[in-house]
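Results of the structural survey
Listed here are the chains, written in short residue letters.
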Amino acid sequence: MKIVKNTVVTVNYKLSDAQDNLIEEGQQPMVYLHGGYENTLPKIEEALDGKDVGYKTILQVEPDDAFGEYDAELVKVEPRNRLPNPLEVGMQFEGMQDGEDEDDALIFTVTDITDDKVVLDGNHPLAGMALRFDLSVVDVRVASDEEIEHGHVHGAHGHHHEEDDEDDAGNEYRSHPIH
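Residues numbered from 1 in each chain as written. Predicted model: local features only at pLDDT ≥ 70, side-chain atom pairs only at ≥ 80, totals over all residues. Heavy atoms only, no water.

1. Describing the layout of surface pockets
Rolled over the atoms, a probe sized like a water molecule indicates the empty space that remains. Considering only enclosed or pocket space, the second largest pocket measures out at about 160 Å³ in volume. Lining the second largest pocket are Lys76, Glu78, Arg82, Leu83, Phe93, Glu94, Gly95, Phe108 and Leu120. Going through the elements one at a time, β5 (75-79) and β6 (92-95) are the ones with two or more residues in the lining of the second largest pocket. Sort the elements by how many residues they give to the lining of the second largest pocket and β6 lands first, with 3 residues. (1 Å grid on protein atoms, 1.4 Å probe; cavity = no way out; pocket = protein on both sides within 12 Å on 5 of 7 lines; lining within 4 Å. Points joined across faces, edges and corners; volume = space filled by probe spheres on them. Helix = DSSP H or I, 4+ residues; strand = E, 2+ residues; numbered from the N terminus.)

This is the structure:
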């Protein structure tokens, strides 16, 4: 079956920077709903459109087509006492850029901690980087009507609509809009 709009695509992947330094080797495949649902980067969809199971490619995606350029204005220094304890580098908090409303909330990552200050970075961790994806299509199937209606994959490695998603550990990074 060819990858077309409203198919569920399962891809094994390896993510590296432009110098081939490994960033992530998917322990589980990436599973997404193909066809402009913002479940993966548009350049990945473009590269896989019309392909079959067994197709392999190495795709380089520039920052503008991935997670954007690094924006120094998204780095904030906050008083240490405004954040909860315990606090560690790598923790993330949702917040707004100064002067923005709640609809423009960002995820800020703690990048440095001193006795009285904390550095928070609102950039995506891969912002400013050209990324190299080593992709291998392992499955393609027709999406269910419910998946199409919801705009994402259900089931294994996808999204579930159950009350208790605790068994879904690790899937919080899969099948979510990437902006």
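2. Quick word on the side chain of His34
Take His34: it is sitting in the loop between β3 (30-33) and α1 (42-48). Residue His34 is classed as buried on the basis of its relative accessible area, which comes to 2%. Here the side chain of His34 touches Asp49 through a polar contact of 2.9 Å, side chain to side chain. Residues within four places of His34 in sequence aside, it is in contact with Ile3, Val4, Lys5, Asn6, Thr7, Val9, Glu45 and Asp49. (Buried < 20%, exposed > 50% of the residue type's maximum accessible area, 1.4 Å probe, protein only. Polar contact = N/O pair within 3.5 Å; in protein donor to acceptor, adjacent residues only side chain to side chain. Contact = heavy atoms within 4.5 Å.)

3. Quick notes on unusual backbone geometry
Here Asn85 and Pro86 are connected by a cis peptide whose omega angle stands at -10 degrees. Position of Pro86 among the secondary structure elements: in the loop between β5 and β6. Here the phi dihedral of Asn6 falls at roughly 70 degrees; this positive angle occurs in a residue that is not glycine. Tracing the backbone through its elements, the reader meets Asn6 in the segment before β1 (7-17). Assessed through its relative accessible area of 21%, Asn6 is described here as partly exposed. The backbone phi angle of Asp20 is positive, close to 70 degrees, even though this residue is not glycine. Relative to the helices and strands, Asp20 is located in the loop between β1 and β2 (22-25).

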